[in-house]
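Spelled out from the first residue to the last, the chains are:
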Amino acid sequence: RLVSRLAVPTIISMLVTAFYNMADTFFVGMLDNTSATGAVGVVFSFMAVLQACGFFFGQGSGNYVSRLLGQRHVDDAERIVAIGLFSALIVGTAIAVLGLIFLEPLARLLGSTDTILPYAKEYLGVILVGAPFMVSSYVLNNLMRFQGNAFYSMIGIGTGALLNVVLDPICIFTLGLGVTGAAVATLFSQFVSFCILLFCCTRGDNLRVRLRLFRPRWQDYQQILRGGLPTLCRQGLSSLSTISLNSVAGIIGGDAAIAAMSVATRVIWFGFSAMIGFGQGFQPVCGFNYGAGLFSRVRRAFWFCVKTSSVALVLISIAVWIFAPQLIGLFTHDAAVLDIGILSLRLQCLSFPLTSWITMSNMMMQNIGLMGRASFLSMARQGIFFIPLVVGLPFLLRACGGEALLGLQLAQPLADVITFAVTVPMCVGVLRTMNVDRPVTEE
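Attention now goes to the overall build of the protein. When helices and strands are counted, the protein shows 16 helices and zero strands. The C-alpha radius of gyration computed for the protein amounts to 21 Å, which stays within 12% of the reference 22 Å derived for 443 residues, consistent with globular compactness. For the protein, the spread of C-alpha atoms along the principal axes amounts to about 60 × 45 × 35 Å. Within the protein, buried positions represent 60% of all 443 residues. Considering only contacts within the protein whose residues lie at least 6 apart along the sequence, 83% involve residues at least 24 apart. Accessible surface for the protein amounts to roughly 16500 Å². Of this, 69% is attributable to carbon and sulfur atoms.

The following block contains the structure:
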């Protein structure tokens, strides 16, 4: 019951976060410009970098805060809140400055073709201005969630998403700003969301954000690194994998392939976000009870999450398989984009249910302090296995007389299967150790 109660607002928050970029893709798609749609997909990988930084500081400090609260060290927990937030603001500002200085090289690095580049620069330039607020919003969202106050984070994130949906058509069509309008809507929405989240930190029993407590020590960053590195690896490699996907798609199928893979990724990410949100309801329960030495509660919560999310993902996969043409058709009417996107989406449905075990195992190891194993699992699905597959498989199939595009579409499902096979024995060993009611170590 506790996991479910905490999971409902986090599921909503994650779906809302996924909806930000999906809304931009939807409304930009109404321009009937494949290059513009591709530009939103290209910049999505950069937004994943911002999310990675925010989740690094948010999950890193949040994990530590939940354990400190479990040990009744409230003053130390409040200090970590300040360190996590203000460190993220500094990093977000540095990213914005450097990104604006090297705007065109950055847009090309993200996978822009010559035709996509002008639209990508328009969209990316505005997004960079809001980088400090975007990164900090993810931190505040996670900090409140790890304190068991996910409702407040849901309010802040949800309000921003609703505002984004309202502003997108106004900025894109009414004001005639096109792709730039989508970025302006996202920027303003994220800023409002940040302000609401900051205000929510003063409500209820949330730990307060106090600038005077921002006195970071190396020991504090070690703990943040311990809890946040797996997330940084997962989110950072997610961005790198998207860049690799866009680059190879551009070589094989041009703008149509980039747009199709971008749309398919957005749709499947929406379902994946719901599952991550459910797992985030497990994380404070895991961290608090592990810190208190209640290992049996950690095990019970883990199995509950795996079983529930597995059933949900099977049902989602069946629905997405059936309605794949309609889902891809929401974002584009280009025949080539539709053909590529529908097959890609259906192939990903085949392995999608396996991500339940992968994600819950990763979250558990991260929350109990197994940084090495959690970081490896974070890098596996969209890094260690996916990137070599997406770069090599299309050209291998082409050399064997097959379709290179099919190799691109098969990369993610194959990466999921391999990661699942690696995760099972690793997680079972951790659960067996906790079964005898003793802490788990990296050795």
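Moving on from the coordinates now.
This next bit is on the nonpolar core. Phe46, Leu50, Val65, Tyr123, Leu124 and Ile127 are the most contacted members of the largest nonpolar core, which has 82 residues in total. Val263, Val267, Val430 and Met434 belong to the second largest nonpolar core, which has 51 residues in total.

Evaluation of the coordinates by the stated rule reveals three cavities of 30 Å³ or more. By volume, the largest cavity amounts to about 470 Å³. Phe44, Ser238, Thr242, Thr265 and Trp269 are the residues nearest the centre of the largest cavity, which is lined by 32 residues in total. Secondary structure elements with two or more residues in the lining of the largest cavity: helix H1 (2-29), helix H2 (34-70), helix H9 (218-291), helix H14 (371-384) and helix H16 (404-435). The greatest single-element share of the lining of the largest cavity, amounting to 13 residues, is contributed by H9. Grouping the constituent residues of the lining of the largest cavity by class yields 14 nonpolar, 16 polar and two charged. Looking at the second largest cavity, its volume works out to about 150 Å³.

A pair can form between side chains of opposite charge whenever their charged atoms are brought close. According to the stated counting rule, one finds eight salt bridges in the structure shown. Notably, a salt bridge pairs arginine 210 with glutamate 78, separated by 3.3 Å at the nearest N-O pair. Taken as a pair, arginine 210 in the loop between helix H8 (179-200) and H9 and glutamate 78 in helix H3 (residues 74-101) lie far apart in primary sequence, 132 residues in all. Sharing partners across several salt bridges, the network here consists of Asp76, Arg79, Arg217 and Asp220.

Here the protein averages 86 in pLDDT, and 97% of its residues register 70 or above. Highest mean pLDDT in the protein belongs to helix H5 (residues 117-129) (94); lowest belongs to H1 (76).

A surface patch of nonpolar side chains, about 780 Å² in accessible area, is lined by Val311, Val314, Leu315, Ile318, Trp321, Ile322, Phe323 and Leu350. The element that contributes the greatest number of residues to the nonpolar patch is helix H10 (residues 295-322), accounting for six residues. Mapped onto the elements, leucine 315 comes out in helix H10.

Counted by the stated rule, this structure contains 13 aromatic pairs. A ring pair is formed by phenylalanine 278 and phenylalanine 304, whose centres lie 6.0 Å apart and whose planes are at 50 degrees; its orientation type is tilted. Of the two residues, phenylalanine 278 sits in helix H9 while phenylalanine 304 sits in helix H10, which places them 26 residues apart along the sequence. You can call phenylalanine 278 buried: its relative accessible area is 10%. In this structure an aromatic cluster arises from ring pairing among Phe26, Phe27 and Phe331. Above the plane of the ring of phenylalanine 44 lies arginine 266, whose end atom (NZ or CZ) is 3.9 Å from the centre. The lysine or arginine in question, arginine 381, covers the ring of phenylalanine 272, its NZ or CZ lying 4.9 Å from the ring centre.

This next bit is on the packing of H9 against helix H15 (residues 386-399). Between H9 and H15, whose axes approach to 8 Å, the crossing angle comes to 15 degrees. By the angle between their directions, the pair H9 and H15 is classed as roughly parallel. You can see that H9 and H15 cross each other, and the crossing is right-handed. Between H9 and H15, the contacting residues are Leu237, Leu240, Ser241, Ser244, Leu245, Val248 and Ile252 on the first element and Phe386, Ile387, Val390, Val391, Pro394, Phe395 and Arg398 on the second.

Reading the values: rules and limits
Residues numbered from 1 in each chain as written. Predicted model: local features only at pLDDT ≥ 70, side-chain atom pairs only at ≥ 80, totals over all residues. Heavy atoms only, no water. Helix = DSSP H or I, 4+ residues; strand = E, 2+ residues; numbered from the N terminus. Rg over C-alpha atoms; globule rule 2.2 N^0.38 Å. Buried < 20%, exposed > 50% of the residue type's maximum accessible area, 1.4 Å probe, protein only. Contact = heavy atoms within 4.5 Å. Areas by Shrake-Rupley, 256 points an atom, 1.4 Å probe, with all protein chains shown as cover. Core = buried A, V, L, I, M, F, W, Y, C linked by side-chain atoms within 4.5 Å. 1 Å grid on protein atoms, 1.4 Å probe; cavity = no way out; pocket = protein on both sides within 12 Å on 5 of 7 lines; lining within 4 Å. Points joined across faces, edges and corners; volume = space filled by probe spheres on them. Nonpolar A, V, L, I, M, F, W, Y, C, P; charged D, E, K, R; others polar. Salt bridge = Lys/Arg side-chain N within 4 Å of Asp/Glu carboxyl O. pLDDT = per-residue confidence, 0-100. Patch = residues over 30% accessible without salt bridge, like charges linked within 9 Å, V, L, I, M, F, W, Y side chains within 5 Å. Phe/Tyr/Trp six-rings, centres within 6.5 Å; stacked < 30°, edge-to-face > 60°. Lys NZ or Arg CZ within 6 Å of the ring centre and 35° of its normal. Axes fitted to C-alpha atoms, helices over the stretch in contact; angles between N-to-C directions. Parallel < 35°, antiparallel > 145°, perpendicular 65-115°, else oblique. Left-handed = near helix turned anticlockwise from the far one by under 90°.

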